[in-house]
Amino acid sequence: MRLHDLATPLLRPVDWLLSKESRTNCFITLIVGAQAIYIVGDGGIPALVTEIWEPCGVLGGALYVLARWMRAVRGIELAAARRDE
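How each quantity is defined
- Residues numbered from 1 in each chain as written.
- Predicted model: local features only at pLDDT ≥ 70, side-chain atom pairs only at ≥ 80, totals over all residues.
- Heavy atoms only, no water.
- Patch = residues over 30% accessible without salt bridge, like charges linked within 9 Å, V, L, I, M, F, W, Y side chains within 5 Å.
- Areas by Shrake-Rupley, 256 points an atom, 1.4 Å probe, with all protein chains shown as cover.
- Salt bridge = Lys/Arg side-chain N within 4 Å of Asp/Glu carboxyl O.
- Helix = DSSP H or I, 4+ residues; strand = E, 2+ residues; numbered from the N terminus.
- Buried < 20%, exposed > 50% of the residue type's maximum accessible area, 1.4 Å probe, protein only.
- Core = buried A, V, L, I, M, F, W, Y, C linked by side-chain atoms within 4.5 Å.
- Contact = heavy atoms within 4.5 Å.
- Axes fitted to C-alpha atoms, helices over the stretch in contact; angles between N-to-C directions.
- Parallel < 35°, antiparallel > 145°, perpendicular 65-115°, else oblique.
- Left-handed = near helix turned anticlockwise from the far one by under 90°.
- Nonpolar A, V, L, I, M, F, W, Y, C, P; charged D, E, K, R; others polar.

> I keep staring at a nonpolar patch on the surface and nothing clicks. Help me out?
On the surface, Leu66, Trp69 and Val73 cluster together into a nonpolar patch covering about 320 Å² of accessible area. Mapped onto the fold, valine 73 is located in helix H4 (residues 53-74). Exposure remark for valine 73: the relative accessible area of 51% places this residue in the exposed category.

Here it is as structure tokens:
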């Protein structure tokens, strides 16, 4: 119980990040973009386009699934989009 009490304040930024779809997508984009920049710096754009795009796709997909799972575990529900009729 004490560990839970200590971990709760540390998870507030994670809850804030997961509470809006745009924040989550921006975070995933930044992480995958940083990985792509690292790959381009090491092997150049031809390496990114031809053979090393797969790690970027795998990381993006894994972060997307992790975000969905964390929302379910933390009990975060996104607000429904407002429609103009």
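Read on for the rest.
> How do you make sense of the nonpolar core when you look at a structure like this?
One broad rule of soluble globular proteins: the nonpolar side chains tend to lie buried together. Counting residues in hydrophobic clusters, the biggest one holds seven residues: Ile28, Val32, Ala36, Ile39, Leu48, Cys56 and Leu63. Among the elements that make up this core, the one with the highest residue count is helix H3 (residues 21-50) (five residues). Setting aside residues up to four positions removed in sequence, leucine 48 forms contacts with Ala36, Ile39, Val40, Trp53 and Cys56.

> When you look at the pattern of salt bridges in this model, what are you seeing that I'm missing?
Scanning all chains against the criterion turns up three salt bridges. Across the salt bridge formed by aspartate 15 and arginine 74, the nearest N and O atoms sit 2.8 Å from each other. Placement of the pair is aspartate 15 in helix H2 (residues 12-18) and arginine 74 in helix H4, with a sequence separation of 59 residues. Overall, arginine 74 belongs to the partly exposed group, its relative accessible area being 32%. In this structure, glutamate 21 and arginine 68 form a salt bridge, with 3.8 Å as the shortest nitrogen-oxygen distance. With glutamate 21 in helix H3 and arginine 68 in helix H4, this residue pair connects regions lying 47 residues apart in the sequence.

> Just checking my understanding: could you explain the packing of H3 against H4 for this structure?
Between two packed helices, what matters for the description is the angle formed by their axes and the separation of those axes. Packing of H3 against H4 leaves a shortest axis separation of 8 Å and a crossing angle of 165°. On the basis of their axis angle, the class for H3 and H4 is roughly antiparallel. As for how H3 packs across H4, the hand of that crossing is right-handed. Of the residues in H4, those touching H3 at Glu21, Thr24, Ile28, Ile31, Val32, Gln35, Ala36, Ile39, Leu48, Val49 and Thr50 are Trp53, Pro55, Cys56, Leu59, Gly60, Leu63, Tyr64, Ala67, Arg68 and Arg71. Among the residues forming the contact of H3 with H4, the class breakdown is 14 nonpolar, four polar and three charged.

From the geometry alone we can't say anything about function, so treat these as descriptive.
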